Amino acid sequence: MGRTGLRGRGSLSCFGPNHTLQPVITRWRRNQDGAICRKSIKKMLEVLVVKHPVSESWALPGGSRELGEILPRKLKQVLRREFWSPFQNLLIQGTEVYKGYVDDPRNTDNAWIETVAISIHFPDQSDMDLKRLNSHLHTCDPGMSVQWQVVDKRIPLYANHKTILQKVAALFGAFY
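Naming follows an unreviewed UniProt entry, where the protein chain appears as Transient receptor potential cation channel subfamily M member 2 of Canis lupus dingo. Entered under Subcellular location (unreviewed entry) in the UniProt record, the comment concerning the protein chain runs "Cell membrane". What UniProt records for the protein chain under Sequence similarities (unreviewed entry) is the sentence "Belongs to the transient receptor (TC 1.A.4) family. LTrpC subfamily. TRPM2 sub-subfamily."

Put into structure tokens, the structure is as follows:
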């Protein structure tokens, strides 16, 4: 939130704010009977996360957006092309949970990341959009993984994604 001591763009694409979109795609964790799992009295969420071959931690499936693009390149890598348009509609219907500066290891004094985090929640396991999303998930890169993970404070998530996930859990009154 202050000076980093690093000058220039670093690994970011431009000087000033570098805009990212972080969709937080969640569903309720369910047992074999279809009942929602609970920890103490709070319901448990699952979140869709990706892991790139060079990274040791999981991340939300978002990232930098090219000028004029709605979906980030990294998200397009895990969704089949025919689902891009329906997913844009889900983003429009989603709930904005955060917008602004994020503390990121790539930030410099002259270039930093500003993100918009949008929650897309599927409350019903028989939701057609959830079924379509699951059927359109794929990875272009053989080393990349996509999976649903239980939301927990110990989840090994990239830098600032834990804070965003905590806001989403609070939004639904879910366990974190």
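Now that the structure is up, let's keep going.
On to the side chain of Thr108. Here Thr108 lies in the loop between strand E6 (95-102) and strand E7 (111-122). A distance of 2.5 Å separates a polar atom in the side chain of Thr108 from the backbone oxygen of Gly8. If we skip the residues at most four places from it in the chain, Thr108 touches Thr4, Leu6, Gly8, Arg9 and Gly10.

The next point concerns helix H4 (residues 161-171). Residues of H4 that are buried include every one of His161, Ile164, Leu165, Val168 and Ala169, and no others. The buried residues of H4 occupy one face: seen down the axis, they fall within an arc of 140°. Residues of H4 that are buried make contact with strand E1 (16-28), strand E4 (45-51), E6 and E7. Looking one or two places after H4, you find Gly173, whose phi comes out positive at around 65°.

How each quantity is defined
- Residues numbered from 1 in each chain as written.
- Predicted model: local features only at pLDDT ≥ 70, side-chain atom pairs only at ≥ 80, totals over all residues.
- Heavy atoms only, no water.
- UniProt positions renumbered as here; feature names shortened; annotations may be inferred.
- Helix = DSSP H or I, 4+ residues; strand = E, 2+ residues; numbered from the N terminus.
- Polar contact = N/O pair within 3.5 Å; in protein donor to acceptor, adjacent residues only side chain to side chain.
- Contact = heavy atoms within 4.5 Å.
- Buried < 20%, exposed > 50% of the residue type's maximum accessible area, 1.4 Å probe, protein only.
- Arc of directions from axis to C-beta.

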